[in-house]
Amino acid sequence: MQHIQHKIQRVLALLFCLCVLPVTASAKVSVLATVPEWGALAQEIGGERVDIFTATSARQDPHRIEARPSLIARARNADLLIATGAELEIGWLPVLLRESGNTRIQPGQPGHLEAAGEVVLRDVPQAVDRSMGDVHAAGDPHFHLDPHNILPVAAALTERLARIDPAGVETYRSNLARFRTRWQEALVRWEAAGAKLKGTPFLQVHRSFGYLAHWLGLVSRGELEPKPGIEPGSAHLSRIVTAQQTSPAALILRAAYQDETAGRWVAERAQIPLVTLPFTVGGTPEAKDLFSLFDDTLARLEKAAGNVEYSKNSPIPPRGGGAGGEGVFTSGRTP
Ligand SMILES: [Zn+2]
């Protein structure tokens, strides 16, 4: 009996060593990414030297999440925070930073990187007031969907990692070089595939796809939200359906995390497809990393646009019974 106990103790001791030693022997840089696209980028650049935690999943609205205790615990131990910035996380990141008590990741520190500082933001409003809804006052923060914006963020992330972990500088720089080569090759492929989408008019639930549209030359016909962050009601959606007769859209774009009720309602009445795009890494089963995020986005757009019988010069005729009456859309939430 004692013999067995000794054996168990030896096995437990061995297991303890196996579990604990690799972690303590090579402490990794702890990276906290606010959204999946930056978590994926940190993986590309940091490789084996980083331990990444992503605060939101592709199924969550990055504009509004809760700074829950488990997230605060992660922030407390982080060496580097990578956020989108441009007020995307304004509803929760300041609370998280304050509650973390972690001086390393506060604004102005090497451990605080805002991707928005590396790119040129589009759609910066002239003036902002509360009547405009939950408007992005610093400009559109959804810039990761123009793939040209990924490379400058990758370069900035590389330099931050090198500052925080100087021993890894060679690794980070060679990972960046490899990533840049692969990304530039992919850009050629994506832009060739995306060329046939140029000029396609589209509606979107929220203004999530402004940069994607700018990159591909898609033409915006507006948002289903009456104002940013405000759920559309039936009267507003009916007006959008009616407007299809004079300025039709070929597609309605929805990010995987967004509710599909409004999009489906308009899609059925206007007889155009509602296309769910991953929006970020993990938004669809296919979008496993930054490369497949764009591969899948383009594949879904091409498939949907290819199925639409659409001529840019002829408006889409209204469906048999007209646009549908007010009050049919029952989201339960009217602005
Ligand atoms: Zn937004």
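The coordinates are above.
Thresholds applied
- Within every chain, residues take consecutive numbers counted from 1 along the sequence as written.
- For a predicted model such as this one, the threshold for reporting local features is a pLDDT of at least 70, and the threshold for listing and counting side-chain atom pairs is 80 or more; totals across whole chains, interfaces and linings nevertheless cover every residue.
- Secondary structure elements are defined from DSSP: runs of H or I of at least 4 residues count as helices, runs of E of at least 2 residues count as strands, and each element is numbered from the N terminus.
- The burial label depends on the number of other C-beta atoms within 10 Å of a residue's C-beta. Counts of 20 or more mean buried, 12 or fewer mean exposed, and intermediate counts mean partly exposed, with C-beta atoms placed from the backbone.
- We call two residues in contact if the C-beta atoms placed from their backbones are at most 7 Å apart.
- Strands pair, by our definition, only if DSSP identifies at least two bridges between them.
- To obtain an axis, a line is fitted to C-alpha atoms, over the contacting stretch when the element is a helix, and the angle between two such axes runs from 0 to 180 degrees between their N-to-C directions.
- Expected span of a helix, by definition, is 1.5 Å for each gap between consecutive residues, and there is one gap fewer than residues.
- Each angle gets one of four labels, with under 35 degrees taken as roughly parallel, over 145 as roughly antiparallel, 65 to 115 as roughly perpendicular, and the rest as oblique.
- The handedness criterion is simple: a crossing whose near helix is rotated anticlockwise from the far helix by less than a right angle is left-handed, and one whose near helix is rotated clockwise is right-handed.
- Residue polarity is assigned by list, with Asp, Glu, Lys and Arg as charged and Ala, Val, Leu, Ile, Met, Phe, Trp, Tyr, Cys and Pro as nonpolar; anything else, Gly included, falls into the polar class.

Any chance you could explain the overall build of the chain here in plain terms?
Looking only at helices and strands, one finds 10 helices and 8 strands in the chain. Burial analysis of the chain (335 residues in total) assigns 40% to the buried set. Taking contacts inside the chain between residues at least 6 apart in sequence as the whole, the part at least 24 apart equals 66%.

Would you explain the sheet that holds strand β4 (residues 112-114) in this entry?
Sheet strands associate in pairs through backbone hydrogen bonding, adopting either a parallel or an antiparallel arrangement. The strand order β2-β1-β3-β4 describes an open sheet built from 4 strands, whose pairing is parallel. At either end of the open sheet lies a strand with only one pairing partner, and these are β2 (50-54) and β4. Going across the sheet, the axis of each strand differs from the next one's by a mean of 20°, ignoring polarity. The pairing of strand β1 (residues 29-33) with β2 spans 5 bridges and is parallel. Paired with Leu32 across the strands is Phe53, a residue of β2.

Got a minute to help me understand helix α6 (residues 169-194) in this structure?
Within an α-helix, residues lying three or four positions from one another point in the same direction, as the helix has 3.6 residues per turn. Look at α6: 36 Å from first C-alpha to last across 26 residues, which is about the 38 Å you get at 1.5 Å a residue. Taken as a whole, α6 has its buried residues at Tyr172, Asn175, Leu176 and Phe179. Looking at the packing, one finds that the buried side of α6 touches α2 (36-46) and α5 (150-164).

In this structure, what is going on with the packing of α2 against α5? I would like to understand it.
When two helices pack together, you describe them by how their axes are tilted relative to each other and by the distance separating the axes. It is at 10 Å that the axes of α2 and α5 come closest, and there the two elements cross at 60°. Classified by the angle their axes make, α2 and α5 are oblique. When the axes of α2 and α5 are compared, the crossing they make is right-handed. On α5, the residues touching Leu41, Ala42, Ile45 and Gly46 of α2 are Ile150, Val153, Ala154, Leu157, Thr158 and Leu161. Looking at the contact of α2 with α5 residue by residue, the classes come out as 8 nonpolar, 2 polar and no charged.

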